[in-house]
Amino acid sequence: MPGLLYETSKLHHLDGITYRGKDLYQVREQSPKAPGGSEPLPEAALWLLLTGEFPTDSELREFQTEIFNRGTLPADAEALIKSFPKNMHPMTQLSAGILACQPSSKFAKAYNDGIHKSKYWDPTFEDALDVCARVSRIAAIIFHNCYKDVKTMPKADPALDYGANYAQMLGFSDKTFWDLMRLYIVIHADHEGGNVSAHATHLVGSTLADPYLSFSAGMNGLAGPLHGLAN
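Residues numbered from 1 in each chain as written. Predicted model: local features only at pLDDT ≥ 70, side-chain atom pairs only at ≥ 80, totals over all residues. Heavy atoms only, no water.

Describe in detail the sheet that holds strand β1 (residues 9-12), supporting the description with residues and values.
Across the sheet, three strands lie side by side as β1-β2-β3; this open sheet has antiparallel pairing. The sheet is open, and its two edges are formed by β1 and β3 (22-23), each paired on a single side. (Pairing = 2+ DSSP bridges. Helix = DSSP H or I, 4+ residues; strand = E, 2+ residues; numbered from the N terminus.)

Structure (structure tokens):
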């Protein structure tokens, strides 16, 4: 008896992970690449997960611009995340950093304004894209909080893709490393719906908690020691 229906990815005990029916080797081969790069673009993988197809060149360019613009953190949230103490575990910082952005939730506002339940999906989708876009900035700040000087953290560059921008914000200018981060993000982009983090996210979301609250809950599941304190 099926206990879980999940469309975007599947985890098979022999075949590994597939995204919309494509195994990771096919994703790596068929995905659009950054100019001069050899690994799939995270934005293209997200588009595939959302739509079942890879984006066209024009769709990809527009989507990359949109994701970059959505990735800007509210000024008060960024200041708060940068103030976290160095001895706070990175996963605690990540969960709290996501929550720091929650006041800008489009779903929470729409729900409080009385949106009809048939339209819940719309602000939920907007929030989900915002979380995907913002989490790389949050994670980069946390990296500098823990291991470097957050005051000298590089800024995001609108000319770069998601993976390259994340690597640069971490402080790495080696383009081979940029390619590595593109691949790393893509192969971790989705992991079926039944693992701890995805299940916790869905469970909290089922209460109509907005995607910020739900995603933070998933990160708390990842932070448990039996999950290796996250990847």
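Explain the packing of helix α7 (residues 121-147) against helix α11 (residues 211-222) to me, and be specific about the residues and the numbers.
Remark: α7 packs on α11, axes separated minimally by 9 Å, with the N-to-C direction vectors making an angle of 50°. Viewed along their axes, α7 and α11 adopt a mutual orientation that is oblique. Within the contact between the two elements, α7 uses T124, D127, A128, D130, V131, R134 and V135 and α11 uses P211, Y212 and F215. When the residues that make up the contact of α7 with α11 are grouped by side-chain class, the tally is six nonpolar, one polar and three charged. (Axes fitted to C-alpha atoms, helices over the stretch in contact; angles between N-to-C directions. Parallel < 35°, antiparallel > 145°, perpendicular 65-115°, else oblique. Contact = heavy atoms within 4.5 Å. Nonpolar A, V, L, I, M, F, W, Y, C, P; charged D, E, K, R; others polar.)

Requested: an account of the nonpolar core, with residues and values cited.
Of all hydrophobic cores here, the largest spans 36 residues; its most connected members are I81, L94 and I138. For this core, the secondary structure elements donating two or more residues are α3 (57-70), α4 (75-82), α5 (90-100), α7, α8 (162-170), α9 (175-187) and α11. Examining the composition of this core, we find that nine residues originate from one element, α7, more than from any other. Look past the residues within four positions of L94 in its chain and what remains in contact with it is V135, I138, I142 and M219. If you look at the next biggest cluster of nonpolar residues, it comprises twelve residues, including I17, Y19, V27 and L48. (Core = buried A, V, L, I, M, F, W, Y, C linked by side-chain atoms within 4.5 Å. Buried < 20%, exposed > 50% of the residue type's maximum accessible area, 1.4 Å probe, protein only.)

Could you give me a rundown of empty space enclosed by the protein, with the residues and numbers involved?
Regions of empty space are outlined by a rolling probe, equal in size to a water molecule, passed over the atoms. All chains considered together, the criterion is met by one cavity of 30 Å³ or more. Taken as a whole, the largest cavity holds about 30 Å³ of empty space. Surrounding the largest cavity, I98, C101, V131, R134, V135, I138 and Y212 form its lining. For the lining of the largest cavity, the leading source of residues is α7, giving four residues. The class makeup of the residues in the lining of the largest cavity is six nonpolar, no polar and one charged. (1 Å grid on protein atoms, 1.4 Å probe; cavity = no way out; pocket = protein on both sides within 12 Å on 5 of 7 lines; lining within 4 Å. Points joined across faces, edges and corners; volume = space filled by probe spheres on them.)

How would you sum up the packing of aromatic side chains? Please name residues and give values.
Under the counting rule described, the total for this entry stands at seven aromatic pairs. On the numbers, 5.4 Å between centres and 50° between planes, the contact of F143 with Y147 is tilted. With F143 and Y147 both in helix α7 and four residues apart, this pair spans about one turn of that helix. For F143, a relative accessible area of 23% corresponds to the partly exposed category. Of the residues examined, Y147 reaches a relative accessible area of 59% and is grouped as exposed. For the pair F172 and F177, a centre-to-centre distance of 4.4 Å together with 35° between the ring planes defines the contact as tilted. On the accessibility criterion, F177 (23% relative accessible area) is partly exposed. An aromatic cluster is defined as three or more aromatic residues linked by ring pairs; in this entry it consists of F143, Y147, F172 and F177. Above the plane of the ring of F172 lies K148, whose end atom (NZ or CZ) is 5.1 Å from the centre. (Phe/Tyr/Trp six-rings, centres within 6.5 Å; stacked < 30°, edge-to-face > 60°. Lys NZ or Arg CZ within 6 Å of the ring centre and 35° of its normal.)

Can you explain the layout of surface pockets? Please cite residues and give values.
Taken as a whole, the second largest pocket holds about 430 Å³ of empty space. Along the walls of the second largest pocket sit 21 residues, with A34, P35, Q64, A159 and D161 positioned nearest its centre. With six residues, α3 is the single largest residue contributor to the lining of the second largest pocket.

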